[in-house]
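Working through the structure, step by step
Chain by chain, the residues run as shown.
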Amino acid sequence: MSRIGKAPISIPEGVTIDIAKHNVRVKGPKGELALRIDPAIGVEVKENQIFVTRPSDNRNHRSLHGLYRTLVNNMVVGVSQGFEKKLEIVGVGYRAEKKGKSVTFILGYSHPIVFIPPEGIEVAVESNTQVAVRGIDKELVGLVAAKIRSFRPPEPYKGKGVRYAGEEIRRKAGKSGAK
């Protein structure tokens, strides 16, 4: 059996799970998420734990088993604790500032980049060069963080650009003088 798929998911206080046919709905203090599950995969709630089962050891069923267990676990964690990705802006004059719901990035282009986050995502500017993306949907938080990083990906010579907090940038040596 799948090591990930067979592990039970514990349900924290304040989180409720509704399973109807092939739909799983998770409600918690931070919000509500829903997921449509493949008909072959079973989801059961027993004694404050969620169990994900599969009908056979078919290759397709094995892969879906671990996938849906992880997706349901991410939903439970998201509605109870939430997810966060931090970004750093590196470069002279590069900065971010929040104006209402939108965030304006000044990243060395001839124009500022105005970014309006999607519904359910909060983009917080902690300082001029520190940005945090928060939300309950792990996939959406990662997509928004990747979108912001794509405005000016870190370059390998000076390391300037938008990077994830703690991301290692492989640096290249510049041109050497000719002799």
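Look above for the structure.
A tally of helices and strands in the protein chain yields three helices and 13 strands. In terms of overall size, the protein chain is more extended than a compact globule, its C-alpha atoms giving a radius of gyration of 21 Å where 179 residues would be expected to give roughly 16 Å. Dimensions along the principal axes, computed over C-alpha positions, put the protein chain at roughly 70 × 45 × 25 Å. Out of the 179 residues in the protein chain, the part that is buried amounts to 34%. Long-range contacts, defined here as pairs at least 24 residues apart, represent 51% of the contacts in the protein chain between residues at least 6 apart. For the protein chain, the accessible surface area stands at approximately 11100 Å², while carbon and sulfur atoms represent 50% of it. Taken as two groups, the 31 positive and 18 negative side-chain charges of the protein chain have centres that lie 9 Å from each other.

Take the pattern of salt bridges next. A pair can form between side chains of opposite charge whenever their charged atoms are brought close. Following the criterion strictly, the structure yields 10 salt bridges and no others. The salt bridge partner of R25 is E32, with a shortest N-O separation of 2.8 Å. In this structure R25 comes out as partly exposed when scored by relative accessible area, which is 37%. Given the relative accessible area of 40%, E32 is considered partly exposed. Among the ionic pairs, E97 bridges to K99, the shortest N-O distance being 3.6 Å. Through salt bridges with shared partners, a single ionic network connects E84, K86, E122, E126 and R134.

Here we take up unusual backbone geometry. In the Ramachandran plot, E47 falls in the positive-phi region, its phi being about 50° despite a non-glycine side chain. Assignment of secondary structure puts E47 in the loop between β5 (42–46) and β6 (49–53). Within the chain, N48 stands out as a residue other than glycine whose phi angle is a positive 65°. Considering the arrangement of structural elements, one finds N48 in the loop between β5 and β6. With a relative accessible area of 47%, N48 lands in the partly exposed category.

Okay, the sheet that holds strand β1 (residues 9–10) next. Spatial strand order, β1-β6-β5: three strands in an open sheet with antiparallel pairing. Two strands in the sheet have a free side with no partner beyond their single neighbour: β1 and β5. Pairing of β1 with β6, which is carried by two bridges, proceeds in the antiparallel orientation. For I9, the partnering residue across the bridge sits in β6 and is I50.

To continue, consider the pairing of strand β8 (residues 95–99). Where β8 and strand β9 (residues 102–106) come together, five bridges link them in antiparallel fashion. What sits directly across from K98, in β9, is V103. Hairpin connection from β8 to β9: two residues lie between these consecutive antiparallel strands, with G100 at a positive phi of about 70°.

There is about 210 Å³ of room inside the largest pocket. Every residue lining the largest pocket is listed: L33, A34, L35, L71, N74, M75, I136, D137, K138 and E139. Residue assignment for the lining of the largest pocket shows that the elements contributing at least two residues are β4 (31–36), α2 (59–80) and α3 (138–150). Residue composition of the lining of the largest pocket, grouped by class: six nonpolar, one polar and three charged.

As a further point, take α3. Here α3 is 13 residues long and its end C-alpha atoms lie 18 Å apart, about the 18 Å a rise of 1.5 Å per residue gives. Those residues of α3 not exposed but buried are V141, V144, A145 and I148. The arc that holds the buried residues of α3, viewed along the axis, is 100°, so those residues lie on one side. For α3, exposure combined with an orientation more than 90 degrees from the buried face picks out E139 and L143. Along its buried surface, α3 packs onto β7 (83–90), β9, β10 (113–115), β11 (121–127), β12 (130–135) and β13 (161–164).

Reading guide: rules and limits
- Residues numbered from 1 in each chain as written.
- Predicted model: local features only at pLDDT ≥ 70, side-chain atom pairs only at ≥ 80, totals over all residues.
- Heavy atoms only, no water.
- Helix = DSSP H or I, 4+ residues; strand = E, 2+ residues; numbered from the N terminus.
- Rg over C-alpha atoms; globule rule 2.2 N^0.38 Å.
- Buried < 20%, exposed > 50% of the residue type's maximum accessible area, 1.4 Å probe, protein only.
- Contact = heavy atoms within 4.5 Å.
- Areas by Shrake-Rupley, 256 points an atom, 1.4 Å probe, with all protein chains shown as cover.
- Lys, Arg positive; Asp, Glu negative; His and termini not counted.
- Charge placed at Lys NZ, Arg CZ, Asp CG, Glu CD.
- Salt bridge = Lys/Arg side-chain N within 4 Å of Asp/Glu carboxyl O.
- Pairing = 2+ DSSP bridges.
- 1 Å grid on protein atoms, 1.4 Å probe; cavity = no way out; pocket = protein on both sides within 12 Å on 5 of 7 lines; lining within 4 Å.
- Points joined across faces, edges and corners; volume = space filled by probe spheres on them.
- Nonpolar A, V, L, I, M, F, W, Y, C, P; charged D, E, K, R; others polar.
- Expected span 1.5 Å × (residues − 1).
- Arc of directions from axis to C-beta.

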